[in-house]
Amino acid sequence: MDWRGRVTKPKFGSVIVIRDVKAPKRLYSAPAFEVVDINGAKAQLETKATAEDASVRQMLSSINKRLEEKKSAPNSASINPVS
């Protein structure tokens, strides 16, 4: 493109593209994501996944193990009371 936004073809090599100065730049928009707690993740996996999927079984067993550790772990506030 030349300064008017047209494509110019050099005699040798590939096409040279020059950005049209009059065209506004698009603003960057960050990708959106959703924060899910461990119980929500487990519920989503159980509803959307198939039972024979090995990666889903592995993820669910990891989540269940984490939940069991949370249940059996003593409360840290009771161990180190603030005076």
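Predicted, not measured: the structure shown is a model, and the values here were computed from it. Every chain's residues receive numbers from 1 upward, in the order its sequence appears when written. The predicted nature of this model means local features are confined to residues of pLDDT at least 70 and side-chain atom pairs, given and counted, to a pLDDT of 80 or more, with totals for whole chains, interfaces and linings taken over all residues. Side-chain figures throughout are based on the complete set of non-hydrogen atoms in the structure, without hydrogens or water.

Visitor: Any chance you could break down the overall build of the chain for me, citing the residues and the numbers?
Guide: Counting its regular elements, the chain contains three helices and zero strands. Along the chain, helices and strands appear, N-terminal first, in the series α-α-α. Partly exposed residues are those whose accessible area sits between 20% and 50% of the maximum for their type, while under 20% is buried and over 50% is exposed, using a 1.4 Å probe and protein chains only. Each of the 83 residues in the chain was classed as buried or not, and the buried ones make up 6%. Accessible surface, the chain as shown: approximately 8,000 Å² in total, 58% of it carbon and sulfur. Secondary structure is summarised from DSSP: a helix means a run of H or I of at least four residues, a strand means a run of E of at least two, and numbering begins at the N terminus for each. Surface accessibility follows the Shrake-Rupley procedure with a 1.4 Å probe radius. Residue values consider only the protein chains on display as shielding.

Visitor: Hey, could you go over the confidence of the model for the chain for me, with residue numbers and the actual values?
Guide: The predicted coordinates ought not to be read in detail in places where the model reports low pLDDT. On average, residues of the chain score 75 in pLDDT, and 63% of them are at 70 or above. Each residue gets a pLDDT score, which is the predictor's confidence in that residue and runs from 0 to 100. The least confident element of the chain, judged by mean pLDDT, is helix H3 (residues 76-79) at 54; the most confident is helix H2 (residues 54-72) at 89.

Visitor: Help me get a handle on the pattern of salt bridges, residues and values and all.
Guide: Two side chains with opposite charge may pair up if their charged atoms get near one another. Here, a salt bridge means any side-chain nitrogen of Lys or Arg that lies within 4 Å of a carboxyl oxygen of Asp or Glu. Counted by the stated rule, this structure contains one salt bridge. Residues Lys71 and Glu68 are paired through a salt bridge, measuring 3.9 Å at the closest nitrogen-oxygen approach. In this pair, Lys71 and Glu68 are both assigned in helix H2, three residues apart and thus about one turn of the helix distant. Looking at Lys71, the relative accessible area reads 68%, which means it is exposed.

Visitor: Quick one: what's the story with H2, residue by residue and with numbers?
Guide: For H2, with 19 residues, the first-to-last C-alpha span of 27 Å sits near the 27 Å given by 1.5 Å per residue. Of the residues making up H2, those classed as buried are Val56, Leu60, Ile63 and Leu67. Buried residues of H2, seen end-on, are gathered within an arc of 60° and therefore sit on one face of the element. The outward face of H2, more than 90 degrees from its buried face, is lined by the exposed residues Gln58, Lys65, Arg66 and Ser72. A helix's residues, less one, multiplied by 1.5 Å, set its expected span. Directions drawn from the helix axis to the C-beta atoms are what define this arc.

Visitor: Could you give an account of the packing of helix H1 (residues 38-48) against H2, naming the residues involved and the relevant values?
Guide: If you want to describe how two helices pack, look at the angle between their axes and the distance between the axes. Angular values range over 0 to 180 degrees, each being the angle between N-to-C directions of two axes fitted as lines to C-alpha atoms, with helices fitted over their stretch in contact. Where H1 contacts H2, the two axes come as close as 10 Å, and the packing angle between them is 150°. When the axis of H1 is compared with that of H2, the two are roughly antiparallel. Read as a crossing pair, H1 and H2 show a hand that is left-handed. Of H2, the residues touching H1 (which contributes Ile38, Asn39, Ala41, Lys42, Leu45 and Glu46) are Val56, Met59, Leu60, Ile63, Asn64, Arg66, Leu67 and Lys70. Convention used here: angles under 35 degrees read as roughly parallel, angles over 145 as roughly antiparallel, angles from 65 to 115 as roughly perpendicular, and any remaining angle as oblique. Each crossing gets its hand from how the near helix is turned against the far one by less than a right angle, where anticlockwise is left-handed and clockwise is right-handed. Whether two residues touch is decided by their heavy atoms; if any such pair falls within 4.5 Å, the residues are in contact.

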